[in-house]
Amino acid sequence: MAYQTIDVKPIAGALGAEVFGVDLSQDIGDQEFDEIHQAFLDHKALCFREQDLSPQRQVALASRFGQPDIYPFIKALPDVPEVIEILKTERDTVNFGGGWHSDTSYLPQPAMGTFLYALEVPDSGGDTMFANTQRAYETLSPTMKNMLEGLIGVNSSAQNYKGGRAKQMKELDGMKDKYIDSSEISIAEHPVVRTHPETGRKGLFVSRAHTTNFKGMTVEESQPLINFLSEYTVHPEFTCRVRWRPGTLVVWDNRCTQHFALNDYNGQRRRMHRVTLRGDRPA
C-alpha cells in the first residue's frame, strides 16, 4: 500500500520491514495506526528503531493492537503485570527463546502478537530470526496440502523441557528468580494448517519446540512429519533476520510466523521487555 504518515522498508522478500517516521513514545493518530497495522498484516514483523518506551508505554501501544495478556510462567514487572523481562547474563550459556517456535502455542488461545523491546544488547550477536509460515504452506505440493487438511497438532508447554520448565529455568542466572515454579503443564490441540482471521491466508502451525504429536497418532508416528514441516517452515527463503540495538522495538504476528532467538553472545548481557497479546482459538 501507499503510506502517507510512515515509511516502510522491507527487510527481506519473505517477511519483515523497518518502519520510519513514527515516535511510539507519543500518542499516534488513527491514520498513522491504521497504516502501521496494515504494515503489520503485510510484513508480519515490524522493526522500529530508536524508540524510548517505558513499560507502561509499551503496554499502551500493544493495547492499540489487541488485549495484552499475562504470561503464565514468568513473574511480571512489579507495577506492570503485562510486561516480563527476558535477561541473559554474562554467566548464562543458554538463552530464553532459543529454537524455532510461535509464542504460547500450547495455550487454548495462543498469543496473537508479541512486542519485544531491547534495553541492553551484546556488541554483536543476539539477533532474532523470523519465518513466514504462510509462505512455507503455500509452496508445499498439492498432495501434501491435502494430507495436512484436518490434521490436529497436540502442543505442550513441557515439550523439550526435560525435568520441567522450572528445573531448566533455575539453571539460568538471568531468569531463575523470575520463573513461576508450577507443576502445571498446558496442553492444547490446534489445526496444523491455520487460517489467519484477518487476511484469510493459510499457514503452518506446527513446531518441534511445542508440538509433541498429531491427534490420534503416536509420538513415533508423528515425529517424521513434525520434523519435515518444522525444517521446511524455516528454509532460508522464508526467513528474515533482525539485529537489535538499544531502543529497538519489534512487533510480530504469531499467527503466521515463527521466531528464533540466536544464542551466539556468551559472556555478554541481553535484556528485553516483552508484551504478548491475547489471541483467538486457531481455526
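Up top is the structure these notes are about.
Cut-off values and rules
- Residues numbered from 1 in each chain as written.
- Predicted model: local features only at pLDDT ≥ 70, side-chain atom pairs only at ≥ 80, totals over all residues.
- Heavy atoms only, no water.
- Buried < 20%, exposed > 50% of the residue type's maximum accessible area, 1.4 Å probe, protein only.
- Helix = DSSP H or I, 4+ residues; strand = E, 2+ residues; numbered from the N terminus.
- Pairing = 2+ DSSP bridges.
- Expected span 1.5 Å × (residues − 1).
- Contact = heavy atoms within 4.5 Å.
- Phe/Tyr/Trp six-rings, centres within 6.5 Å; stacked < 30°, edge-to-face > 60°.
- Lys NZ or Arg CZ within 6 Å of the ring centre and 35° of its normal.
- Salt bridge = Lys/Arg side-chain N within 4 Å of Asp/Glu carboxyl O.
- Axes fitted to C-alpha atoms, helices over the stretch in contact; angles between N-to-C directions.

K.L.:
Kindly report on the pairing of strand 16 (residues 270-276), identifying the contributing residues and their values.
P.N.:
Of all 7 residues that make up strand 16, 6 are buried, and the element is covered over most of its length. Here 5 bridges tie strand 5 (residues 80-88) to strand 16, and the two strands are oriented antiparallel to one another. Opposite Ile84, over in strand 16, you have Arg274 as the bridge partner. Pairing between strand 6 (residues 113-120) and strand 16: 6 bridges, direction antiparallel. Across the sheet, the residue bridging to Leu116 is Arg274, located in strand 16.

K.L.:
Quick rundown of helix 6 (residues 219-233)? Include the residues and the values.
P.N.:
Over its 15 residues, helix 6 runs 20 Å from end to end, which matches the ideal 21 Å to within 8%, given 1.5 Å per residue. Buried residues of helix 6: Ser222, Leu225, Ile226, Leu229, Ser230, Tyr232 and Thr233, and no others. On the buried face of helix 6, the contacting elements are strand 7 (128-132), helix 3 (133-138), helix 4 (142-148), strand 11 (202-204), strand 12 (211-214) and strand 15 (257-261).

K.L.:
Before we move on, can you summarise the packing of aromatic side chains with the specific residues and values?
P.N.:
For the structure on display, the rule yields 9 aromatic pairs. An angle of 75 degrees between the planes, with centres 5.4 Å apart, marks the rings of Phe40 and Phe65 as edge-to-face. Placement of the pair is Phe40 in helix 1 (residues 30-43) and Phe65 in helix 2 (residues 55-65), with a sequence separation of 25 residues. Looking at Phe65, the relative accessible area reads 13%, which means it is buried. An aromatic cluster of three or more residues is present, and its members are Phe33, Phe40, Phe65 and Phe115. The side chain of Arg64 reaches across the aromatic face of Phe33, ending 4.6 Å from its centre. Lying across the ring of Phe205, Arg194 places its NZ or CZ 4.7 Å from the centre.

K.L.:
Residues and numbers for the pattern of salt bridges, please.
P.N.:
Per the stated rule, a full pass over the model turns up 17 salt bridges. Put simply, Asp280 and Arg194 hold a salt bridge, and the shortest N to O gap is 3.4 Å. Note that Asp280 is positioned in the segment after strand 16 and Arg194 in strand 10 (residues 193-195), a separation of 86 residues in sequence. The class for Asp280 is partly exposed, based on a relative accessible area of 31%.

K.L.:
Residues and numbers for the sheet that holds strand 3 (residues 45-48), please.
P.N.:
Pairing in this open sheet of 8 strands is mixed, and the strands run 1-2-3-14-6-16-5-4 from one edge to the other. Either end of the sheet is taken by a strand with one partner, and the two such strands are strand 1 (7-10) and strand 4 (76-77). Sitting on the sheet, helix 1 is in contact with strand 1, strand 2 (17-20), strand 3 and strand 14 (249-253), with an inclination near 130 degrees to strand 3.

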